Amino acid sequence: MPERSGPGFRRRVGPPSRRARVALLTLGVLAVLFLLFVMFAGFWTDWLWFRSVHYSSVFTTELWTKIGLFAVFGLLMAVIVGFNVWLAHRLRPPLSAMSVEQQSLDRYRAGLAPFKRWALIGVSLVIGLVAGAAASGQWRTWLMWTNATSFGEKDAQFGMDVSFYAFDLPFYEFLLGFAFSAVIVSLLTSALVHYLYGGLRLQGPGRRASAGAQGHLAVLLGVFVLLKAVAYWLDRYALAVKTGSYKGVSGWTGLRYVDANAFLPAKTILFFVAIICAVLFFLTPIRRTWAPALIGLGLMVLSAVLIGGLYPAIVQQFQVKPNEQAKETPYIQKNIDATRQAYGIADAQTTQYSPQGSTNADALKPDAQTIADIRLLDPNIVSPTFQSLEQQRNYYAFPSTLDVDRYGTGTGKQDTVIGLRELDLNGVQRNWINDHFKYTHGYGAVVAKGNQVDDRGQPVFTESGLPATGTLGDYQQRIYYGEKTTTYSIVGGSNKEIDYTDSKTGQNAEYTYSGDSGVSLDNPITRAAYAVRFTEPQILYAGAITDGAKVIYNRTPKERVEKVAPWLSIDADPYPVVQDGRVVWVLDGYTTSDGYPFSSKTTLGTATKDSLTNQRGELLAVANQVNYIRNSVKATVDAYTGEVKLYQWDEKDPVLKTWMKAFPGTVEPKADIPQSLLPHLRYPQDMFKVQRDLLGQYHVTDANSFFNGSDIWQVPVDPTSDTKQVQPPYYVTVRMPDTKAASFSLTSTFVPNQRPNLAAFMAVDADPGDDYGKIRILKMTGDSGAPGPGLVQSKFNSRQEVASQITLLKSGGDSELEYGNLLTLPVGNGLLNVEPVYVRGRGAKYPTLQKVLAVYGDDNVAFENTLEDALKKVFAGAAPATTPTAPSTTGAGGTPTSPATPSPTGPATPGAGGTISPELQKALADAEKAYNDGQTAFKNGDWAAYGNAQKALGDALKAAEAARGGGPAPSPAATPTGSGSPSPTP
């Protein structure tokens, strides 16, 4: 019979054939196996990576902690819920006692009956899996609690060690939250089972709950109320870290008067009320009535409203408001003291400063080094210049923001701007082989003097070329790990990478990676895992991958350090250092906490944002607000091998000590920092920005003044940027008025709230040493009238002679002006503002420095071709009439000494043996030459030469002391001829 078809005809479809079932089953098994392999690939490749960088203990500690928490709390939740569901079923009444409403559920009970056991296990396991997954996310809380280290500091309210709030209280709150979840889920599932099996009913006359259901649910409610009592007790301590808004501080933390005198006693009372209420619930199965327990619960809720809500409002309205300052100042003082301690600003030194509008030679002499080292090269502007002059090949690039460091020793020590020539794949023909096999690394560092440009306004390079040559000597120049290196590469084996293109022959120099970095791809399972990880099947079968080949990835320094130290927050600005024949990236790591009592909280991302954030592309950020921070770790990443080293920097930080217990052996002691690296370490920018953000209000240490809020500072908007973001801090060499010598520092300015005048100048000693991290603040006197950065820029732009020169520089709109960093420096008992001005001509790829702005005082404004000309103009009349006395220098061990200059005609003082050694004679001759060079430079206004002469003089005097066996510096025996003034005496 022919097959019938047509509308309305339903073809009968039988079960699938055996072949179809086998095919479907095979596809299903393959899909499951593929999903399992994807999960395995992620785990396996992570393990291999951690093992390759020698931090496998971090991986295993985190993994086993997560597994342990998942298993323990997941199983605990499953057992608690499963037991209560089982108990609810066990306590079900007989069928004969069920009402009509409950009998209507027979079909559901009948359908569930064959699967009761599996349903119980399944529900319990699902709930346990969810609870376990949530608990595993608390691995940091667990490790901090189990490895807690005492702060040695007690909070101002309860006298508890700070570690209780930082490490213990978060874990107790986690346990309490877990217990609440277990009881609530048990209560809901038990109530559902009781209803399904007749223990509860919603309609009809008589009892709503059977005796078994009543007792079971009453005990669960009693446990819930008991947990609420525990919560009330912990809430007492949580008041010390409670966050709100007060006096313009959005993250204000700690108790205020109403907290200490209303909320705190209210929480204590509610604790005892909840205990009594819980006992009433526990007595319900015995008394066979809900009435006492429900009355107790109602009284507890009413007490919470009256005692915990209404009473504090009454205290605030009728006790605090009429006399708020007297009531709140003791608690404000606690907040001030704790905040300054928690952010490391308690020892900030504030001095009054009244800047003068003019200066003289004697006032300028101590600041010669500050003036000589004024940085003209703005690392935020000159990256295109480095790119155009030193890119060399299209597949290299420099970061958009370069870095400031120091190189050299003695007279040769120089603030420099440095950038690495990193790999840029946008400059090559993109394909899989080129991207991952051929173009694998950058090449060389480029360094320029920070305080000089050549006659064309271009940087004066001290290290340049490809391969790079200069003052850095021989070092491994290949950059396999860098800020711009975000893709994976496959290196080693027989792979020939493109090293660089030889400028003489035009041929590509080839290289095969020989470092010990990376994960071997010799194992086919490993290759398959990485093919899945990178979603690149060619990794499985590519012939370019030969024996000995390795894959390198996670190549940015920040990414590598964050992965091996997941408990650190990493500064957004890594910087490269060339030392011991290697290029290493230096990163600053921060330990943080949100549990420091009374310390106000801040959001790191907000506090560290400035006008350069978009250029750097990174923010210092953690998940939540913090109220404690320390720069506890200095980390390095080798640019060739990718090796990560973590060094303990803050040896007192209890948070770091806690993490070092949790991850033993991962952080090396401070003493192991290479001596060649120490001179390059610096105070980190993000730490400084967080501290200056807090100091805007917390420079006030008196509670009454803080309450009045009349002395609030702000970081000024960057007048050289269109972003309207605040001005970034600047690394400069500067001498603060209370110090003897200039030092490498990180500086910033403040303006009063809503006013353009300068309120304060802030500097922190950024050089490793005894004063490292010392914060000094020059607070402008009220009548100083010192202009802030915005006013300085306005003063500059409003000058007619300056405006006309700007018009010429712009060449009728064909050129574009770019303003460099506006530096504010305390010089000669006044304030010197210096700003380099760059010009980018039409079609030009990079800007060149063409002018320098200098402003000193109110009316001394200069806009000249060079810094020397600008300084001569603003310091007009400050030149000495006679030969000036050499300024003080710093002796051995940092002790200030007066420089003793040898007489060119008189005899030198003999050494300890009665004769002058050749070493002493040379040191004296060097000191005399340096002194004379300095006088000549000072008269000519050549500040760079004068600063170098002062360095040379200090080095010569130290050499003379050493030649004399550590005795006092030699004294001049006669007056130099033609000096016009006596020679300085020691």
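Every value quoted in this text rests on a predicted model; they were computed, and no experiment measured them.

*Asks:* Got a minute to help me understand the overall build of the protein in this structure?
*Replies:* The helix and strand tally for the protein stands at 28 helices and 34 strands. Per-residue burial over the protein gives 52% buried out of 986 residues. Taking the intrachain contacts of the protein between residues at least 6 apart in sequence as the baseline, contacts between residues at least 24 apart amount to 69%. Total accessible area on the protein is roughly 43,400 Å²; 56% of this is exposed by carbon and sulfur atoms.

*Asks:* What should I look at first to understand the packing of helix 1 (residues 18-52) against helix 2 (residues 56-90) in this one?
*Replies:* Think of two packed helices as two axes; the pair is described by the angle between the axes and how far apart they sit. Running from N to C, helix 1 and helix 2 cross one another at 140 degrees; their axes reach a closest spacing of 7 Å. Here helix 1 is positioned oblique relative to helix 2, judged by the angle of their axes. The residues of helix 2 that touch helix 1, namely those facing Phe43, Asp46, Trp47, Phe50 and Arg51, are Ser56, Val58, Phe59, Thr60 and Leu63. Residue composition of the contact of helix 1 with helix 2, grouped by class: 6 nonpolar, 2 polar and 2 charged.

*Asks:* Whenever I open this one, the sheet that holds strand 13 (residues 489-492) confuses me. Can you help?
*Replies:* Note on sheets: strands pair through backbone hydrogen bonds, and any given pair is parallel or antiparallel. Spatial strand order, 13-17-16: 3 strands in an open sheet with antiparallel pairing. Pairing within the sheet leaves two strands with one partner each, and these edge strands are strand 13 and strand 16 (519-520). The sheet contact formed by strand 16 and strand 17 (residues 549-552) spans 2 bridges and is antiparallel. Each residue of the ladder has a partner; that of serine 520, found in strand 17, is lysine 550.

*Asks:* Hey, could you run me through the packing of aromatic side chains in this one?
*Replies:* Where two aromatic rings form a pair, the distance of their centres and the angle of their planes describe that pair. Applying the stated rule across the entire model yields 50 aromatic pairs. Aromatic pair phenylalanine 534 and tyrosine 553: ring centres 5.5 Å apart, planes at 80 degrees, arrangement edge-to-face. With phenylalanine 534 in the loop between helix 16 (524-533) and helix 17 (538-541) and tyrosine 553 in the loop between strand 17 and helix 18 (557-564), this residue pair connects regions lying 19 residues apart in the sequence. Per residue, the accessibility class of phenylalanine 534 equals that of tyrosine 553, and both read buried. The structure contains a cluster of three or more aromatic residues connected by ring pairs, namely Phe73, Trp142, Trp145, Phe171, Phe174 and Phe178. Over the aromatic face of tyrosine 237 sits the side chain of arginine 236, whose NZ or CZ is 5.4 Å from the ring centroid. Cation over ring: lysine 247 sits above phenylalanine 707, and NZ or CZ is 3.7 Å from the ring centre.

*Asks:* Honestly, empty space enclosed by the protein in this entry has me stumped. Any pointers?
*Replies:* To find leftover empty space, one rolls a probe the size of a water molecule over the atoms. Following the criterion strictly, the structure yields 5 cavities of 30 Å³ or more and no others. Every residue along the wall of the second largest cavity is listed here: Gln727, Pro728, Tyr730, Thr747, Ser748, Thr749, Phe761, Leu822 and Thr824. Per-element accounting of the lining of the second largest cavity gives the leading share, 3 residues, to strand 25 (residues 743-752). For the lining of the second largest cavity, a count of residues per class yields 4 nonpolar, 5 polar and no charged.

*Asks:* What exactly am I supposed to notice about the packing of helix 2 against helix 6 (residues 139-146) here?
*Replies:* Packing of helix 2 against helix 6 leaves a shortest axis separation of 10 Å and a crossing angle of 100 degrees. The angle between helix 2 and helix 6 falls in the class roughly perpendicular. Each of Thr61, Glu62, Thr65, Lys66 and Leu69 in helix 2 lies in contact with helix 6, whose residues at this interface are Trp139, Trp142 and Leu143. Residue classes in the contact of helix 2 with helix 6 are distributed as 4 nonpolar, 2 polar and 2 charged.

*Asks:* In this structure, what is going on with the environment of leucine 294? I would like to understand it.
*Replies:* Mapped onto the elements, leucine 294 comes out in helix 10 (residues 291-320). Taking the relative accessible area as the measure of exposure, leucine 294 reaches 48% and is therefore partly exposed. In this structure, the C-alpha to C-alpha distance between leucine 294 and threonine 284, residues 10 residues apart in sequence, is 9.8 Å.

*Asks:* Please clarify how unusual backbone geometry should be interpreted in this entry.
*Replies:* Residue proline 467 is reached from leucine 466 by a cis peptide bond, and omega for that bond is -10 degrees. By the secondary structure assignment, proline 467 is in the loop between strand 10 (459-464) and strand 11 (469-470). Unusually for a residue other than glycine, aspartate 580 sits at a positive phi of about 55 degrees. Looking at the element boundaries, aspartate 580 is found in the loop between strand 19 (575-579) and strand 20 (582-593). Exposure remark for aspartate 580: the relative accessible area of 57% places this residue in the exposed category.

*Asks:* I tried to follow the nonpolar core on my own but got confused; where do I start?
*Replies:* The tendency in soluble globular proteins is for nonpolar side chains to be buried as a group. Residues Val551, Trp567 and Leu646 are the most contacted members of the largest nonpolar core, which totals 152 residues. Take this core: its biggest share by element is 15 residues, from helix 7 (residues 162-196). When residues no more than four places from it in sequence are discounted, the contact partners of leucine 646 are Tyr55, Val561, Val564, Ala565, Val633, Lys634, Ala635, Thr666, Val667 and Glu668. Formed by 32 residues, the second largest nonpolar core is a distinct cluster that contains Phe398, Leu402, Val852 and Leu867.

*Asks:* Would you mind going over the sheet that holds strand 9 (residues 445-453) with me for this structure?
*Replies:* Taking strand neighbours across the sheet as the criterion, the 5 strands line up as 5-6-9-10-11 in an open arrangement whose pairing is antiparallel. At either end of the open sheet lies a strand with only one pairing partner, and these are strand 5 (403-407) and strand 11. Bridge analysis of strand 9 against strand 10 gives 3 bridges, and the strand direction is antiparallel. Paired with valine 447 across the two strands is glutamate 463, which belongs to strand 10. Taken strand by strand, helix 14 (residues 383-390) contacts strand 6 (414-420), strand 9 and strand 10, and its axis lies near 55 degrees from that of strand 10.

*Asks:* Help me understand the side chain of threonine 141 in this model?
*Replies:* As for its placement among the helices and strands, threonine 141 is situated in helix 6. Not counting residues within four places of it along the chain, the set of residues in contact with threonine 141 comprises Pro170 and Phe171.

*Asks:* Is there a simple way to explain a nonpolar patch on the surface in this structure?
*Replies:* Together, Leu24, Leu25, Leu27, Val29, Leu30, Val32, Leu33, Leu36 and Met39 make up an exposed nonpolar region whose accessible area comes to about 930 Å². The topology assignment puts valine 29 in helix 1. Its relative accessible area of 42% is what places valine 29 among the partly exposed residues.

*Asks:* I'm lost on the pattern of salt bridges in this one. Help?
*Replies:* For side chains bearing opposite charge, pairing can occur when the charged atoms are close. A complete count under the given rule lists 28 salt bridges for this structure. The salt bridge involving arginine 533 is made with aspartate 46; its shortest N-O contact spans 3.4 Å. With a gap of 487 residues between them, arginine 533 in helix 16 and aspartate 46 in helix 1 connect regions that are remote in the sequence. Take arginine 533: its relative accessible area is 29%, and that puts it in the partly exposed class. Salt-bridge contacts for aspartate 403 lead to arginine 682; the nearest nitrogen and oxygen are separated by 3.9 Å. Remark: arginine 682 occurs in the loop between helix 21 (654-662) and helix 22 (685-698) and aspartate 403 occurs in strand 5; sequence separation between them is 279 residues. Comparing aspartate 403 with arginine 682, the two get one shared label, buried.

*Asks:* Help me understand the environment of aspartate 337 in this model?
*Replies:* Within the fold, aspartate 337 resides in helix 11 (residues 324-342). Considered as a pair, aspartate 337 and threonine 701 are 364 residues apart in the sequence and their alpha carbons are 7.6 Å apart.

*Asks:* Explain helix 25 (residues 800-810) to me, please; I cannot follow it from the model alone.
*Replies:* Residues separated by three or four positions in an α-helix point in the same direction, a consequence of the helix having 3.6 residues per turn. The set of residues buried in helix 25 consists of Val802, Ile806 and Leu809. The buried residues of helix 25 occupy an angular sector of 60 degrees when the element is viewed end-on, so they sit on one face. Of the residues in helix 25, the exposed ones pointing more than 90 degrees away from the buried face are Gln800, Thr807 and Leu808. Among the structural elements, helix 24 (789-798), strand 28 (816-819), strand 30 (830-840), strand 31 (848-856) and strand 32 (860-864) are those in contact with the buried residues of helix 25.

*Asks:* So what exactly am I meant to see when it comes to the confidence of the model for the protein here?
*Replies:* Close reading of the predicted structure is inappropriate where its pLDDT is low. Across the protein, pLDDT averages 85, with 86% of residues at or above 70. Low pLDDT (under 50) marks residues 879-914, which in the prediction has 85 contacts with non-local residues, meaning those over four places away or in another chain. Segment residues 966-986 is flagged for pLDDT under 50; beyond a separation of four residues in sequence, or across chains, it makes 43 contacts in the model.

*Asks:* Sorry, what's going on with the pairing of strand 25 here?
*Replies:* In summary, the side chains of a regular strand alternate between the two faces of the sheet. Counting buried positions over the 10 residues of strand 25 gives 9, a clear majority of the element. Alignment of strand 24 (residues 730-734) against strand 25, held across 5 bridges, turns out to be antiparallel. Note that in strand 25 the partner of tyrosine 731 across the bridge is leucine 746. Here 6 bridges tie strand 25 to strand 26 (residues 760-765), and the two strands are oriented antiparallel to one another. Looking at strand 26, one finds that leucine 746 is bridged to valine 764.

Scoring rules and cut-offs
Residues numbered from 1 in each chain as written. Predicted model: local features only at pLDDT ≥ 70, side-chain atom pairs only at ≥ 80, totals over all residues. Heavy atoms only, no water. Helix = DSSP H or I, 4+ residues; strand = E, 2+ residues; numbered from the N terminus. Buried < 20%, exposed > 50% of the residue type's maximum accessible area, 1.4 Å probe, protein only. Contact = heavy atoms within 4.5 Å. Areas by Shrake-Rupley, 256 points an atom, 1.4 Å probe, with all protein chains shown as cover. Axes fitted to C-alpha atoms, helices over the stretch in contact; angles between N-to-C directions. Parallel < 35°, antiparallel > 145°, perpendicular 65-115°, else oblique. Nonpolar A, V, L, I, M, F, W, Y, C, P; charged D, E, K, R; others polar. Pairing = 2+ DSSP bridges. Phe/Tyr/Trp six-rings, centres within 6.5 Å; stacked < 30°, edge-to-face > 60°. Lys NZ or Arg CZ within 6 Å of the ring centre and 35° of its normal. 1 Å grid on protein atoms, 1.4 Å probe; cavity = no way out; pocket = protein on both sides within 12 Å on 5 of 7 lines; lining within 4 Å. Points joined across faces, edges and corners; volume = space filled by probe spheres on them. Core = buried A, V, L, I, M, F, W, Y, C linked by side-chain atoms within 4.5 Å. Patch = residues over 30% accessible without salt bridge, like charges linked within 9 Å, V, L, I, M, F, W, Y side chains within 5 Å. Salt bridge = Lys/Arg side-chain N within 4 Å of Asp/Glu carboxyl O. Arc of directions from axis to C-beta. pLDDT = per-residue confidence, 0-100.

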